[in-house]
Amino acid sequence: MNFEYFYLLLSGLWLTIVMAFFAASGAIIFGSILAIMRNYYTSNASKILGYIAGVYIEVFRNTPLLLWMYSSCFVLPIILGIPANYIVLGTVGLFLYTSSVMAEIIRGGLNSIPNGQFEAAYSQGFSFLFTLRYIIMPQCYKKVTPTILSQCITTIKDTSFLAALNVAELTNVSKDILSRLTKFDEIVGVFITVAGLYFIVCFSLSCAVRLYSYYNKSY
C-alpha cells in the first residue's frame, strides 16, 4: 500500500476516534442522568421523570442504531432548520443510542449500592443531590468503569455504520480506496491495514479495562 492511501486511512481513523469520543463522553453524562431518573425519581411527585427515562432507554435500546443515525441526519435538519452536516448529526445519532446503553450500565451500578447509604447520609443532614454527588455516584462509577470502557470500544466500532451516510470515517475511506484498486495483493493489504488499525485502538482500550480491573482487585 502506498503512503497516500495509508495517510487517508489514518485521517479516517482520526475522525472515527473523534466521533466516538464525543458520542461516548456525552453518552456517559446523559446516561448518568437517565439512570438516576429511572432509578430514584419514582415517587408520585416525580414519577413522570422516571417514566420518561424508561421510555427513552427502552425505545433506543430496542431499535437499530443505523435508524437513529438516519433520523438524526435527515429529520433533525428539517425540524431545527440546520445544515445537514452528516459528521455532526451522525455523531448525535450515535450519542442518542449509546446514551441508552450507558444508562442501563450505570443503573446496574446504582442498584448494587445499598439503600442504607442514603439513610445514613440523610441522618447526617445530607440532601439527596449531595448524597448522589459525593457518596453514591463515585462508588457507582468505580464499579461500572470496566463495563463503560467496554462500551466505548463498541462505540468506536459502531462509527462504521456512518459509512452508509458517506461520512469519511475509517470504514468508508477504505471502501473508497478499494474502489480504485484492481490488484489482489493491494486489496488484501487494505483489509489487513483497516483491521489492524481498528485492532490497535480497540485492543489498547481492552488492555486499559484489564489493568483497571486488576488494579481495583488489588486494592
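Presented here is a report on the structure given in the accompanying data block.

Criteria and thresholds
Residues numbered from 1 in each chain as written. Predicted model: local features only at pLDDT ≥ 70, side-chain atom pairs only at ≥ 80, totals over all residues. Heavy atoms only, no water. Helix = DSSP H or I, 4+ residues; strand = E, 2+ residues; numbered from the N terminus. Buried < 20%, exposed > 50% of the residue type's maximum accessible area, 1.4 Å probe, protein only. Contact = heavy atoms within 4.5 Å. Areas by Shrake-Rupley, 256 points an atom, 1.4 Å probe, with all protein chains shown as cover. Lys, Arg positive; Asp, Glu negative; His and termini not counted. Charge placed at Lys NZ, Arg CZ, Asp CG, Glu CD. Core = buried A, V, L, I, M, F, W, Y, C linked by side-chain atoms within 4.5 Å. Salt bridge = Lys/Arg side-chain N within 4 Å of Asp/Glu carboxyl O.

## Observations regarding the overall build of the chain
- The helix and strand tally for the chain stands at nine helices and zero strands.
- For the chain, the succession of helices and strands along the chain, N to C, is α-α-α-α-α-α-α-α-α.
- Counting only C-alpha atoms, the chain reaches 70 × 50 × 25 Å along its principal axes.
- Taking all 219 residues of the chain together, 40% fall into the buried category.
- A sequence separation of at least 24 residues applies to 73% of the contacts in the chain between residues at least 6 apart.
- Carbon and sulfur atoms provide 68% of the accessible area of the chain, an area that totals close to 12,100 Å².
- Positive and negative side-chain charges in the chain, numbering 13 and 9 respectively, have mean positions lying 12 Å apart.

## Comments concerning the nonpolar core
- With 39 residues, the main nonpolar core has Tyr40, Ile106, Leu110, Leu132, Ile136 and Ile148 as its most contacted residues.
- Secondary-structure elements contributing two or more residues to this core are helix H1 (3–40), helix H2 (47–61), helix H3 (65–74), helix H5 (86–111) and helix H7 (128–158).
- In contact with tyrosine 40, not counting residues within four places along its chain, are Leu110, Phe118, Phe128, Leu132 and Ile136.
- Counting 17 residues, the second-largest nonpolar core is a separate cluster that includes Leu9, Leu170, Leu178 and Leu181.

## Side note on the pattern of salt bridges
- Applying the stated criterion across every chain yields a total of four salt bridges.
- Glutamate 58 serves as the salt-bridge partner of arginine 38, at 3.1 Å between the closest nitrogen and oxygen. Note that arginine 38 is positioned in helix H1 and glutamate 58 in helix H2, a separation of 20 residues in sequence.
- Glutamate 104 is the salt-bridge partner of arginine 107, the closest N and O atoms lying 3.0 Å from each other. With arginine 107 and glutamate 104 both in helix H5 and three residues apart, the pair spans about one turn of that helix.
- A single salt-bridge network, built from bridges that share partners, covers Arg38, Glu58, Arg61, Glu104 and Arg107.

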